[in-house]
Structures are given as C-alpha cells and as structure tokens.
Amino acid sequence: MTSAVLMAVGAIVLVAGWWEVSDRASMESQIPAFNIAVLGLVLIGAGQGLWFLRGRRACSDRRRLLLGADAAPAVISAAVEDTDSFAGTERFYHRLDCAMVDDRDWAPSPRATHERVGRTPCGVCAP
Ligand SMILES: [Zn+2]
C-alpha cells in the first residue's frame, strides 16, 4: 500500500512539475518547476523500490515455506550430522534431507570430502 501511495503521489508531483515547466518560457523560470518534476520521479522510484523489496521478501518467505527450511526438526539434523553424510553437486553440498537432494542419485559422502573438492554448504539446508 505504501509503495502504491508513493508512486501515485510521485506521478501527481511529476505531472504538476511538467505542467508548470510547460507554462514558462525562459530556462531560468523553468528550473524550480523542473525540480518539482524530478522530485516526482524520485518518489515514483522509491515506490517501485519498496514494491520490489516487498515482492522479494514475499518470494523468499514462500520459498522457505515450500522448502521447509525453517521447519526442519533439530532431531533429524542431528541424525544427519552423526552419520557425516552429505550429498553434493559441483558447487554445493546438502544434508540428505534437503529438498535440493530429492529425486537425485548423488552418492552421500563425508563433509571433509565435499570441502576438499571446494564445495560450499547449501544456503537452504545449511549443513
Ligand atoms: Zn541443501
């Protein structure tokens, strides 16, 4: 809601600045109204920035909800830690219960093996 209000106010300020600029003949007299139009552009940009950040946050929350990263019980994580088995790709290694490992035939191996070949921990399951 805040982003929509910012963009709407920015659009009104931009049109008002444009209207004032178009009504003045000399360059010097147009500058104050031009500054008002630029302020409108800044408000529109701020509104779009807030809208974008809210969308990013919603996508992040949804991804966390779908992948269940927050809901992973500590007991399962501790069991995986005890066996020291992780599955990996070329860049990352994961806990065996990570959603990124589902339906893949990656062979489990110890953490040290993954770190030796330069793999980094997955950002979702945080092994
Ligand atoms: Zn993972």
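Details of the structure are given in the entry above.
A brief structural summary. For clarity, every value in this text was computed on a predicted model and none was experimentally measured. (Residues numbered from 1 in each chain as written. Predicted model: local features only at pLDDT ≥ 70, side-chain atom pairs only at ≥ 80, totals over all residues.)

Here the focus is the nonpolar core. By size, the foremost hydrophobic cluster in this structure holds seven residues: Phe-86, Ala-87, Tyr-93, Cys-98, Val-101, Cys-122 and Cys-125. Not counting residues within four places of it along the chain, the set of residues in contact with Cys-98 comprises Cys-122, Val-124 and Cys-125. (Core = buried A, V, L, I, M, F, W, Y, C linked by C-beta atoms within 7 Å. Buried ≥ 20, exposed ≤ 12 C-beta atoms within 10 Å, placed from the backbone. Contact = placed C-beta atoms within 7 Å.)

Interaxial distance between helix α1 (residues 2–22) and helix α2 (residues 27–67) falls to 7 Å at its minimum, and their mutual angle equals 160°. By the angle between their directions, the pair α1 and α2 is classed as roughly antiparallel. The handedness of the crossing between α1 and α2 is left-handed. Among the residues making up the contact of α1 with α2, the classes are represented as 21 nonpolar, eight polar and two charged. (Axes fitted to C-alpha atoms, helices over the stretch in contact; angles between N-to-C directions. Helix = DSSP H or I, 4+ residues; strand = E, 2+ residues; numbered from the N terminus. Parallel < 35°, antiparallel > 145°, perpendicular 65-115°, else oblique. Left-handed = near helix turned anticlockwise from the far one by under 90°. Nonpolar A, V, L, I, M, F, W, Y, C, P; charged D, E, K, R; others polar.)

A separate point is the sheet that holds strand β3 (residues 120–121). With respect to topology, three strands assemble into an open sheet ordered β1-β2-β3, the strand pairing being mixed. Here the strands that pair on one side only, and so sit at the sheet edges, are β1 (86–88) and β3. Of the pairings in the sheet, the one linking β1 to strand β2 (residues 92–95) comprises three bridges and is antiparallel in character. Pairing of Ala-87 across the sheet is with His-94, part of β2. (Pairing = 2+ DSSP bridges.)

On to α2. Residues lying three or four places apart along an α-helix face the same way, a consequence of the helix completing one turn every 3.6 residues. Along its 41 residues, α2 runs 58 Å from first to last C-alpha, staying within 8% of the 60 Å computed at 1.5 Å per residue. Residue Ala-33 marks the point of greatest curvature in α2, where the axis turns by about 30°. Here α2 has its buried residues at Gly-40, Leu-43 and Gly-47. Where the residues of α2 are buried, they touch α1. Positive phi appears at Gly-68, one or two residues downstream of α2, with a value of about 70°. (Expected span 1.5 Å × (residues − 1). Bend = angle between axes of the 7 residues up to and from the residue.)

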